[in-house]
Every structure is written in C-alpha cells, then in structure tokens.
Protein chains: 2
Amino acid sequence: MAVIDQEGAEKLTMRRLAHHLDTGPASLYVYVRNITELNALLIDRHLAGLDLRWDDPDESARQRVHRTLEDYAQLLASRPALAQAALITWPQGPHYLDLLELLLRALHDLGLDTPTAGRAVDLLLQVATASAAEQAAHASVNAQDLAELEATLGSADPERHPLLVEAGPSVFTGGSPAERNAWAVDVLINGLLRTHVAAAPLTDDTHDTDGTCSVGR
Amino acid sequence: MAVIDQEGAEKLTMRRLAHHLDTGPASLYVYVRNITELNALLIDRHLAGLDLRWDDPDESARQRVHRTLEDYAQLLASRPALAQAALITWPQGPHYLDLLELLLRALHDLGLDTPTAGRAVDLLLQVATASAAEQAAHASVNAQDLAELEATLGSADPERHPLLVEAGPSVFTGGSPAERNAWAVDVLINGLLRTHVAAAPLTDDTHDTDGTCSVGR
DNA sequence: ACCTGAACACCGTTCAAGT
DNA sequence: ACCTGAACACCGTTCAAGT
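A short tour of the structure in this document, coming up. Because the structure is predicted, anything quoted here is derived from the model rather than measured.

Reading the values: the criteria
- Residues numbered from 1 in each chain as written.
- Chains lettered and ligands numbered in written order.
- Predicted model: local features only at pLDDT ≥ 70, side-chain atom pairs only at ≥ 80, totals over all residues.
- Heavy atoms only, no water.
- Helix = DSSP H or I, 4+ residues; strand = E, 2+ residues; numbered from the N terminus.
- Buried < 20%, exposed > 50% of the residue type's maximum accessible area, 1.4 Å probe, protein only.
- Contact = heavy atoms within 4.5 Å.
- Areas by Shrake-Rupley, 256 points an atom, 1.4 Å probe, with all protein chains shown as cover.
- Near = heavy atom within 4 Å.
- Polar contact = N/O pair within 3.5 Å; in protein donor to acceptor, adjacent residues only side chain to side chain.
- Nonpolar A, V, L, I, M, F, W, Y, C, P; charged D, E, K, R; others polar.
- Axes fitted to C-alpha atoms, helices over the stretch in contact; angles between N-to-C directions.
- Parallel < 35°, antiparallel > 145°, perpendicular 65-115°, else oblique.
- Left-handed = near helix turned anticlockwise from the far one by under 90°.
- Salt bridge = Lys/Arg side-chain N within 4 Å of Asp/Glu carboxyl O.

**Examining the overall build of chain A**
Point 1. What chain A contains, in helices and strands, is 10 helices and zero strands.
Point 2. Secondary structure elements of chain A, listed N to C terminal, follow the sequence α-α-α-α-α-α-α-α-α-α.
Point 3. Across the 217 residues that make up chain A, the buried fraction comes to 50%.
Point 4. Sequence separation of at least 24 residues holds for 63% of the intrachain contacts in chain A that already meet a minimum separation of 6.
Point 5. Working note: accessible area of chain A is about 10,300 Å², and carbon and sulfur atoms make up 54% of it.

**Notes on the protein's contact with DNA strand D**
Point 1. Not every one of the 15 residues close to DNA strand D is listed here, only the nearest: A:Ala26, A:Ser27, B:Arg15, B:Tyr29 and B:Ile35.
Point 2. Put simply, 48% of the atoms of DNA strand D that lie within 4 Å of the protein are in sugar or phosphate.
Point 3. With respect to DNA strand D, the backbone of A:Gly24 contributes an N or O atom lying 3.2 Å from a phosphate oxygen.
Point 4. B:Ile35 is positioned such that a nitrogen or oxygen atom in its backbone is 3.1 Å from a phosphate oxygen of DNA strand D.
Point 5. At three residues, helix 1 (residues 14-20) of chain B tops the list of elements feeding residues into the surface near DNA strand D.
Point 6. In terms of residue class, the surface near DNA strand D is built from seven nonpolar, five polar and three charged.

**Comments concerning the side chain of A:Arg64**
All names here are of chain A.
Point 1. When you line up the elements, arginine 64 lands in helix 3 (residues 61-77).
Point 2. The buried category is assigned to arginine 64, whose relative accessible area is 0%.
Point 3. Excluding residues that lie within four positions of it along the chain, arginine 64 makes contacts with Asp51, Leu52, Arg53, Trp54, Glu59 and Leu102.

**Digging into the protein's contact with DNA strand C**
Point 1. Near DNA strand C you find 15 residues, and of these A:Arg15, A:Tyr29, A:Ile35, B:Ala26 and B:Ser27 are the closest.
Point 2. Here the atoms of DNA strand C within 4 Å of the protein split so that 49% fall in sugar or phosphate, with bases taking the remainder.
Point 3. Within the backbone of A:Met14, an N or O atom sits 3.1 Å from a phosphate oxygen of DNA strand C.
Point 4. Within the side chain of B:Ser27, an N or O atom sits 2.9 Å from a phosphate oxygen of DNA strand C.
Point 5. Here the surface near DNA strand C gets three residues from one element, more than from any other, and that element is helix 1 (residues 14-20) of chain A.
Point 6. Of the residues belonging to the surface near DNA strand C, the class tally is seven nonpolar, five polar and three charged.

**Some remarks on the packing of helix 3 of chain A against helix 10 (residues 177-192) of chain A**
All names here are of chain A.
Point 1. Taken N-terminus to C-terminus, the directions of helix 3 and helix 10 make an angle of 135°; their axes are 10 Å apart at the nearest point. In terms of orientation, helix 3 lies oblique with respect to helix 10. Considering the relative orientation of helix 3 and helix 10, their crossing is right-handed. For the pair formed by helix 3 and helix 10, the contact residues are Arg62, Val65, His66, Leu69 and Ala73 on the first element and Asn181, Ala182, Val185, Asp186, Ile189 and Asn190 on the second.
Point 2. The residue inventory of the contact of helix 3 with helix 10, partitioned by class, reads six nonpolar, three polar and two charged.

**Section: the pattern of salt bridges**
Point 1. For the structure shown, the criterion picks out 20 salt bridges over all chains.
Point 2. A salt bridge links B:Asp98 to A:Arg160; its shortest N-O distance comes to 2.5 Å. Of the two residues, B:Asp98 sits in helix 5 (residues 94-109) while A:Arg160 sits in the loop between helix 7 (144-154) and helix 8 (162-167), which places them in two different chains.
Point 3. On the basis of relative accessible area, B:Asp98 is assigned to the buried category, the value being 14%.
Point 4. A:Arg160 gets classed as partly exposed once you look at its relative accessible area, which sits at 46%.

Given below as structure tokens:
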C-alpha cells in the first residue's frame, strides 16, 4: 500500500495523492474501490497513533471512556476531511477494531449488557465524530459564521420565542468544544446506565420506557 | 428570493439551481454568500413543513421531544445533501428558531435548568442530524458497504477482540434507524435528567459528577 | 449599477489504448 | 495482464466585460 502523507491537514483527494505518487489518478483504483474506502483506511492509519490499551488499575471505566473519546475526537477534529468521512462510513482496519473492543470492555465494566453496550459504542462514537466534524468545519471558516448564528438568535421575537430570548445565544455557543464533549459523554453514560435495549426487539414501547430510576419530575 | 425546487431528492448545487433558473451560476451570488448559506436557507424552508406547535395536553414533554426529533431526522434523512449540510452549519431562519424554542420548552418542562437545556438542545439535534446523515449516505450506496462492515467485524481475532467476537456484528447493525434513534433519545433524556451543567464552568470536575441518582453498579 | 458569460482551479471515476 | 493518459461529467467561486 502506498505511502500516505501523514502531515497534510489539507483535504486528501484522489488526484492530490496520485500527484504525490507521480501517477495519474486512475492508478489508485487498483488499490482502492473509491474515495470512501481511501478515507476509511486513512482513519485506521491515524488510529494507530492512539493509546488503546487499558492497563492502569487506577483509571475507572468511566474515565477510560472519557479519555478514549476525547482522543478520538481530537484526532478527527484536526483533519476536517477525516471527520466528515467518519460520519458517513464505518472505518475499517485493525485499530478501529481495537477501539471498538476497548469501549465495549469499559461499558461492560460499567454494568451494561451486550446489546446495550453495542448500541452504546455506536452512539458514543457518533457523538464524538459529529462534534469533531462540526468543530473542524467551523475552524476552517474562521468562526465568522458564529457571529451569524448569534445574529439569527438575536432576531428572535420575544413573543414567539420567549425561552430563546431569555436563554441568550451563549447557551448554544458557550464553553470549549472539549468541555462540551466531556459533558455530552457524561450525559450519555448516565443515560445508558438506565436505558437498556428492549429484550423483545419487535415491541415498539421503547419510547416510554423510563429506565429503572425516576427522580426529577 | 428565488424559487427553490422542493422535490429534488438530488443534491442541490449552485450550478443546478442556476440552470433551473435559466442563468449562469454567478448570478446566485447576488442572493447568497456561498453554498453553505444556500443550504442553511434550504433547511429552514423544509422545516416549514413540520408541525412545531405543542397544543395537545395529552402529549407529554418526553413524547413531544421524541416526535420532533423523529420528524426532523426523517426530513433530513430523505435529503442527503441537507443532512450533510446541517451537521456543519447552524441552519438559519424563523422555522429553525421555532424548533429550538419547542425543544427548549419541552426540556424545561422535564425539569432542566436553562444552561442544561440549551446544551441539551444542541446535543439532541446533533445526534438526530448525525444519524440522518449516516442513514442518507448508506441509502444511496445501496447498503453494499454494510456487508463490508460485517466482513471487517468478522475478521476480528478472538484473542485480541473477545468481546467483539462474542457480541457479533448484529450488535452494531441491528434494528431500524427509527428504532435506534428513539432509543438514543431515551438515553439522552434519561441522562440529561441527571447531568446538569456545572454551575462554575471553570472547575474541571464535570467528568466524575455522577448525577444525583446512582443505581446499577 | 446591476447582472452574468466565461474562465479558473479544482473534483471522482471510467475506459480505451499503450506497455 | 497490468497500468495509466486522457477524457467525461461534474463542482464552487471569481471577475472582467457587457447591458
């Protein structure tokens, strides 16, 4: 398999890679079926740089999930094209399997049954990927459209959107991406501990299953 | 503002729209700054078709959140380009504000404070958007890469990835998108009810704040 | 002043023709 | 048999020239 530019924070295209390899773009299709597959392979390659072991007995399962997702999100956030690609395709390769296995183990340790843990891994990775994609996109546009968002929110009519006006734009924009991410992971874990996948998958009453513990409201 | 093809499930490009309007692509830049802005406006236009009121006293706040996000996800899932765009840009326009207001109100009713509700709206919409984007992408590729995912998972080494092998590929692929979505929303709501945004935003102990109620484990 | 044809600098993918 | 130059069918954006 060809050498791939590790550094380029720039978007990796078929043509750019081909140029880098001193050939025409057609040659790449010998190794790869389409650009999606190229990206999937590339993600796995970057994943190789992550620490996906879990030896430290002082680190709780919850902390391990946090650290893993933070690393993963950060990896994707610095490479806009990759984040974009990871949302659409399942990455493939050995390191991605390591990532899945690690998360599965941590969630198991937290007490989740296998079906719940499987879906949970999917959901956790989806959230991490989505926020990385958003972050990467905004970084490249120089955060100029953040002002635009605030303008839109500012145009809210107090009659029609009272809560929106009361809350103010900072509710949506406040906090660093990392902080927001960590909070989201906490929300997810706390929710997962109380929302199992229905045993009988065909009954459609999952909607109102409230979990085992009902406090607030 | 120009008339926009409502129907086209096809990707809306500057050039296609211009052709539809019998002009060159350059003309569009009088009304719109770039393609991102075009998509943001388009999303709002589609949002107009959604029911964003909340009159029915028989419908609980939880149910209303479910219905809203299901509608929103379905709207985006049928238009791949829109789902993709919604991940990267904040949509803009009056109907999007209606959507935010509705969710904010429902979450308030569920007992969330304003800062938590704000972040929660962001998170809920992100999850709905991300799964719609994934769904839309897979639908257009004819689900042929799902077989690829199962092949990757099948190649897992029982020594290195015991839990992955034990769980089997169905853990990640099982269930309809709608069902998976509904489950995700339940997880989020259950988690949100127990994970408030830290009052002092600078302390970094959000990680281990376990919520108010600890059952399981 | 307002609009836009044509050009610029790119894409991913295919396929016939070369070695 | 294997590889690839060149072509195909597109993109978003800009800008000089026309009305």
